Amino acid sequence: NNNKTKKKYPKKKKKYNKKETTVPKKKKKKKIHTHYLQLVQDRIDVFKDMIVALTEDSKNDAKGSAGDKHETALSMMHIEQEKLNTKIAEYLNQKAILDKIDPSIVTKKVTLGSLAQANGMLLFVSTALPKISINNKTIFAVSPQSPLGSKLMGNEVGFTFEINGVKYLVEEVI
């Protein structure tokens, strides 16, 4: 009789490999950080180009104009240049904050540079910047001083809080 029972071996449990789980997350965070750095640098470059163009316009205008019209045009260009300089200063401050962030660092608590997931939203704690989309995931950059950022700072997975009647749960910190 061939009624031998097959030996049942216990299924091998996969060993939990910490590196395996953090590498893709670190890569995701690095990609987000790089994307925001590029976005800010692009804006700085655009505003610098606009200032150069304004400077050129004012030089050309000085050659062909005289009187009140000339003075008004120069004043308007100067005001515009000041606005652009203010914008560049804002973006340089944002770049300085992003430059302080090391995306390879993963902490248990939310700090500057953390990528936190709350209520399914990905929140990059850095500086207030527009939302971006990477691999069909929307990422919101929040400053640590914002209402959402200040609630997240220093807290870890499992922390719950409420803003404007909406309850949030920190699901992950990278």
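The structure presented is a predicted model; accordingly, all values stated were derived computationally and were not measured.

Q: Got a minute to help me understand the overall build of the protein in this structure?
A: When helices and strands are tallied, the protein shows three helices and six strands. In the protein, the succession of helices and strands from N to C terminus is α-α-β-β-β-β-α-β-β. Here the protein, with 174 residues, has 30% of them falling under the buried criterion.

Q: Please explain helix 2 (residues 68-100) as it appears in this structure.
A: In an α-helix, one full turn covers 3.6 residues, which means residues spaced three or four apart are oriented alike. An ideal rise of 1.5 Å per residue puts 48 Å on 33 residues; helix 2 measures up with 48 Å between its terminal C-alpha atoms. Listed as buried for helix 2 are His 70, Met 77, Leu 84, Ile 88, Tyr 91, Gln 94 and Leu 98.

Q: What should I look at first to understand the nonpolar core in this one?
A: Nonpolar side chains tend to gather and get buried jointly when the protein is soluble and globular. Ranked by internal contacts, the top residues of the largest apolar core, which has 23 residues, are Ile 32, Tyr 36, Phe 124 and Ile 139. Those elements that place two or more of their residues in this core are helix 1 (18-64), helix 2, strand 2 (121-125), strand 3 (129-134) and strand 4 (137-142). By residue number, the principal contributor to this core is helix 1, which donates eight residues. Apart from residues no more than four positions distant in its own chain, Tyr 36 is found in contact with Leu 98, Phe 124, Leu 129, Pro 130, Lys 131, Ile 132, Ile 139, Phe 140 and Ala 141.

Each value, and the rule that gives it
Residues numbered from 1 in each chain as written. Predicted model: local features only at pLDDT ≥ 70, side-chain atom pairs only at ≥ 80, totals over all residues. Heavy atoms only, no water. Helix = DSSP H or I, 4+ residues; strand = E, 2+ residues; numbered from the N terminus. Buried < 20%, exposed > 50% of the residue type's maximum accessible area, 1.4 Å probe, protein only. Expected span 1.5 Å × (residues − 1). Core = buried A, V, L, I, M, F, W, Y, C linked by side-chain atoms within 4.5 Å. Contact = heavy atoms within 4.5 Å.

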